[in-house]
Amino acid sequence: MLGFLLGEKLKIKSIGISNFIWSDQYEELFIEDNIKNEFKLMYQNCDTFFKYPLSFGLKRLHCKIHELDFHCRSIDYEKIRAIKEKQQQIIFISVGQSANVENINIKNFDGIIYYTKGVNVTSENAEINMIDSNELNTQNYIAASDYAIIKAGWGSVSEAIIGKTKMILVERGSKEDLNMIDEIITNNLGICVTLKDLE
C-alpha cells in the first residue's frame, strides 16, 4: 500500500497484485476509522491491479483490474518421483507456527507423512519425516502427496491445485481464509477443519 502512495509522490504508475486488499480486511476489525480511511486513500493511488483467482472484495479499487490464473514455484517432476519412490500414500502437513497447534496425531494411516517446522506430528503406523527448514521447494512435496493439510493461504492453495493434491484447509478465522475456504468447498477442491478438529 505504501508503494501506491510513493508512486503518487514520485508521479510514477503503481501496480498491485493480490487476492485481497487490506482496506477490506481491516473493515471488520476494531481499528479507528481515521486509520481505515488512510488505507482506503492509499489504494486510490493504484493505477493497475492484477487479481489472483479466489479473490474477494476489491470493491474499493477504482483502477483497471486484470485477472490472473493460478501459479506457483516450478514443480520438479524428478524430485516428485523420488519422493514417491516407496509407492505409499503420502500426507503433507504445513500449518506453520501461526496456527498455534502443538501436536497433530494421525490415526489409521500407514503411509508416509512429511511435515514442516512449527508443529509436532505423531502417528502409530506411519513413517514420519520433518522437512529440513532449508528446503525451499516444498511445492514438490505438496505435488507428490495424496493429501495436504495446510493453512488457507493463497500460495499453498495454489500449489495444491496445480499439484492436483486433495486439500484439508485449516481455518484460522481471518476473512481471507474464510473466503478461500468457501471457494474451495464450493468448487469441490478440498475440505475444511478447525484448529480444534486438527488437534
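If you're wondering where the values come from, they're calculated on a predicted model, not measured in any experiment.

Digging into the overall build of the protein
In terms of regular secondary structure, the protein is built from 8 helices and 11 strands. Along the first, second and third principal axes, the C-alpha set of the protein runs to 60 × 35 × 35 Å. Looking at the protein residue by residue over its 199 residues, the buried ones come to 43%. Taking all contacts inside the protein whose residues are at least 6 apart in sequence as the whole, residues at least 24 apart take part in 48%. Total accessible area on the protein is roughly 11700 Å²; 48% of this is exposed by carbon and sulfur atoms.

Let's talk about the nonpolar core
One finds Phe92, Tyr114 and Leu169 to be the most contacted residues of the largest nonpolar core, which totals 25 residues. At 4 residues, helix α5 (residues 139-144) tops the list of elements feeding residues into this core. In contact with tyrosine 114, other than residues within four places in its own chain, are Ile83, Ile90, Ile91, Phe92, Ile93, Asn129, Ile131 and Tyr141. The next biggest cluster of nonpolar side chains, apart from the first, holds 17 residues, and it includes Ile93, Val95, Val101 and Val193.

A word on the pattern of salt bridges
Side-chain pairs of opposite charge can arise whenever the charged atoms involved come near each other. Scanning the entire structure with this criterion turns up 5 salt bridges. Note that glutamate 67 and lysine 51 form a salt bridge whose closest N and O atoms lie 3.9 Å from each other. Placement of the pair is glutamate 67 in strand β3 (residues 64-67) and lysine 51 in strand β2 (residues 48-51), with a sequence separation of 16 residues. Judged by relative accessible area, which is 65%, glutamate 67 ranks as exposed. With relative accessibility at 24%, the residue lysine 51 sits in the partly exposed group. Note that arginine 81 and glutamate 78 form a salt bridge whose closest N and O atoms lie 2.5 Å from each other. Taken together, the residues arginine 81 and glutamate 78, both in helix α4 (residues 77-83) and 3 residues apart, mark about one turn of the helix. Among the residues examined, glutamate 78 registers a relative accessible area of 52% and is labelled exposed.

Re the state of the cysteines
Should the sulfur atoms of two cysteines be covalently bonded, the bond is a disulfide. Tallied over the entire structure, the rule returns 0 disulfides. The thiol sulfur of cysteine 46 is not disulfide-bonded, and the nearest other cysteine sulfur, from cysteine 63, lies at 3.8 Å. Overall, cysteine 46 belongs to the buried group, its relative accessible area being 6%.

A word on unusual backbone geometry
Phi is positive for lysine 11, close to 60°, though the residue is something other than glycine. In this structure, lysine 11 sits in the loop between α1 (2-10) and β1 (15-18). Positive phi is not limited to glycine here, since lysine 164 has a value of about 55°. Within the secondary structure, lysine 164 is located in the loop between α6 (154-162) and β10 (166-171).

Criteria and thresholds
- Residues numbered from 1 in each chain as written.
- Predicted model: local features only at pLDDT ≥ 70, side-chain atom pairs only at ≥ 80, totals over all residues.
- Heavy atoms only, no water.
- Helix = DSSP H or I, 4+ residues; strand = E, 2+ residues; numbered from the N terminus.
- Buried < 20%, exposed > 50% of the residue type's maximum accessible area, 1.4 Å probe, protein only.
- Contact = heavy atoms within 4.5 Å.
- Areas by Shrake-Rupley, 256 points an atom, 1.4 Å probe, with all protein chains shown as cover.
- Core = buried A, V, L, I, M, F, W, Y, C linked by side-chain atoms within 4.5 Å.
- Salt bridge = Lys/Arg side-chain N within 4 Å of Asp/Glu carboxyl O.
- Disulfide = S-S within 2.5 Å.

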